[in-house]
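Summary of the model geometry
The primary structure of each chain is shown beneath.
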Amino acid sequence: MKLEFIGADHEVTGSCHFIEVGNVKALVDCGMEQGADIYENQEIPVNAADIDYVFVTHAHIDHSGLLPLLYARGFRGGIFATEATTELCNIMLKDSAHIQEFEAEWKNRKAKRSGKSEVTPIYVMNDAIGVLELFEPCPYHEKFKICDEISIRFIDAGHLLGSASIEIWLTEDGITKKIVFSGDIGNKTKPLIKNPEYITEADYVVMESTYGDREHTLPKDNDFAKALAEIIEDTMERGGNVVIPAFSVGRTQEILYFIRRIKEESLMKNHLNFPVYMDSPLAVEATHIFNENVRECFDEEALKLVSEGRNPIGFPGLKVAVSSDQSRMINTDMTPKVIISASGMCEAGRIRHHLKHNLWRKESTILFVGYQVPGTLGFNLLHDANEVRLFGETVNVNAQIKNLPGISGHADRSGLIYWAKQFQTTPKRFFIVHGDNKVVEPFAQTIAEECKTSTYAPFSGDVFDLITNEKLADGNHEVKEKKKASQHTGSSVYDRLVAACQRLSHLIEKCSGMANKDLAKFADQINSICDKWE
């Protein structure tokens, strides 16, 4: 019964954990790294084709974004997630595949002109479509026996629509241990969705620590709508645009909720009829999914609005841009406006075009409403960059750069400690993950003191025996810059071929005991392929 740490260890993104119990192999999350990479992540220790299950805490790309790559390498097991997470992954993984293909195509046009080697996307749309067929949606609070060795239960984490902490019971040689994966723990000040639920029993806890070193600074009167109204009105008075980089799923809907309040409650003296553009096809689809999951995921305040026939995230005059032409038209209209666009960290997507058109304008405001990973464009802008590179040209930063404090999907330090202290039986160990390199170890010490138990901040590749609570192997502790995971050189095509061979080998092993007639047919098909390529 082993737990190996793969991703988001001494780093904030790329969540991935490997479990082996008996002959069963499973992952908890399979996320993509975003921003600067500090440590070289270890590879998953088995072939993708040998993995039986994946359990997904929520749909954000840093927790789900490499599932299509896992599929491309031969994974065909079951993927378990909540119903809302399954729906969101259906749009987010397709969107991610589109971005991979688009960026590779764009870079290859430049590479061809400069005589450089071409790149290939780490996965394509067919991989995303294929992996989505493996999802098995689960409701909250029901315990599911996945196999003799594993049972699971999803508990609302309050971070995103459909987000969950996952309780996992592992059984080997008659011994059962319960391990809880916190996922991303929600912030109790979030609108729309329910607050995080708490778990009281576990042998081990794998816990996030994104905000483990800080408290959220709340706006005046703890009212985000009023704080947002002040920024919008000030910018409109200058004749500029308010550009809000926001994740398409979660943060965009929260901003719409606040803007609805601004307009309904007349929280601005002037310019109350300001136009609002939601420029993200993904955000449009995600907003529909929010509206379809009202009963299971919305909080009491949002449910009350729905019962009154009011849409919590809708208002007259909201304009959506789906096509590229509609997106471009936004910047030809000089009427002061609010533009909400993805991605939230400004690393990709249409937001980069809006930054190009507004960063140089002193009249405009760029308003950040979420966590910015070090190394991202959003982080650099928040930390006083004077100029940035966008689409091959230098753009001066003259716009006001603002941050709306406290509007976060993550619990702050106090919220994290409170979550950890709800365990009534003291866990044997807390593993502290999903935090900055400078945060995880001090926060692990804090949890050790608050909860009177053992803690550890693992590195990628660290392996623990969950029966004996002993470390079996040390991972990589060496700080090392590496390439971002957005694409690979042409060698990744060869990697796909190797993965296909590994999948075939895995399949052949399962053929033992098959009828001779079927074995002969299978062998002939393999030989036919070999004859073709020899």
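Residues numbered from 1 in each chain as written. Predicted model: local features only at pLDDT ≥ 70, side-chain atom pairs only at ≥ 80, totals over all residues. Heavy atoms only, no water.

**Examining a positive patch on the surface**
A contiguous patch of positive charge on the surface is contributed by Lys-107, Lys-110, Arg-113, Lys-116 and Arg-389. For the positive patch, the element with the highest residue contribution is helix α3 (residues 83-114), accounting for three residues. What makes Lys-107 partly exposed here is its relative accessible area of 33%. (Patch = residues over 30% accessible without salt bridge, like charges linked within 9 Å, V, L, I, M, F, W, Y side chains within 5 Å. Areas by Shrake-Rupley, 256 points an atom, 1.4 Å probe, with all protein chains shown as cover. Salt bridge = Lys/Arg side-chain N within 4 Å of Asp/Glu carboxyl O. Lys, Arg positive; Asp, Glu negative; His and termini not counted. Charge placed at Lys NZ, Arg CZ, Asp CG, Glu CD. Helix = DSSP H or I, 4+ residues; strand = E, 2+ residues; numbered from the N terminus. Buried < 20%, exposed > 50% of the residue type's maximum accessible area, 1.4 Å probe, protein only.)

**Details of helix α5 (residues 224-238)**
Along its 15 residues, α5 runs 22 Å from first to last C-alpha, staying within 8% of the 21 Å computed at 1.5 Å per residue. Of all the residues in α5, the buried ones are Phe-224, Ala-225, Ala-227, Leu-228, Ala-229, Ile-231, Ile-232, Glu-233, Thr-235 and Met-236. Next to the buried residues of α5 lie β13 (242-245), α6 (251-264), β16 (338-341), β17 (365-368) and β20 (400-403). Positive backbone phi, at 85°, marks Gly-239, one or two positions downstream of α5. (Expected span 1.5 Å × (residues − 1). Contact = heavy atoms within 4.5 Å.)

**Some details on the packing of aromatic side chains**
This structure, assessed with the given rule, holds 15 aromatic pairs. Taken together, a centroid distance of 5.9 Å and an interplanar angle of 40° make the contact between Phe-55 and Phe-80 tilted. With a gap of 25 residues between them, Phe-55 in strand β4 (residues 53-55) and Phe-80 in strand β5 (residues 78-82) connect regions that are remote in the sequence. Ring geometry for Phe-423 and Phe-430: centres 5.9 Å apart, planes at 85°, overall edge-to-face. Among the residues examined, Phe-430 registers a relative accessible area of 0% and is labelled buried. Here the aromatic residues Phe-5, Tyr-204, Phe-431, Tyr-456 and Phe-464 are joined through ring pairs into a cluster of three or more. Just above the ring of Tyr-418 sits the side chain of Lys-188; from NZ or CZ to the centre is 4.8 Å. Just above the ring of Tyr-211 sits the side chain of Arg-214; from NZ or CZ to the centre is 4.7 Å. (Phe/Tyr/Trp six-rings, centres within 6.5 Å; stacked < 30°, edge-to-face > 60°. Lys NZ or Arg CZ within 6 Å of the ring centre and 35° of its normal.)

**Here we look at the packing of helix α13 (residues 413-420) against helix α14 (residues 440-451)**
It is the contact of α13 with α14, at a shortest axis distance of 10 Å, that shows an interaxial angle of 45°. Here α13 lies oblique to α14, going by the angle between them. As for the relative orientation of α13 and α14, their crossing is right-handed in sense. Every residue of α14 that contacts α13 at Arg-413, Leu-416, Ile-417 and Ala-420 is listed here: Phe-443, Thr-446, Ile-447, Glu-450 and Cys-451. (Axes fitted to C-alpha atoms, helices over the stretch in contact; angles between N-to-C directions. Parallel < 35°, antiparallel > 145°, perpendicular 65-115°, else oblique. Left-handed = near helix turned anticlockwise from the far one by under 90°.)

**So, the environment of Phe-443**
Structurally, the position occupied by Phe-443 is in helix α14. Assessed through its relative accessible area of 1%, Phe-443 is described here as buried. Residues within four places of Phe-443 in sequence aside, it is in contact with Met-207, Glu-208, Ser-209, Gly-212, Arg-413, Leu-416, Ile-417 and Ile-432.

**So, the side chain of Ser-64**
Of note, Ser-64 is situated in helix α1 (residues 61-64). We classify Ser-64 as buried; its relative accessible area is 0%.

**Observations regarding the confidence of the model for the protein**
The predicted model of the protein has a mean per-residue pLDDT of 90, with 94% of residues at 70 or higher. Segment residues 482-491: pLDDT under 50, and 26 contacts once partners within four positions in sequence are set aside and those in other chains are kept. (pLDDT = per-residue confidence, 0-100.)

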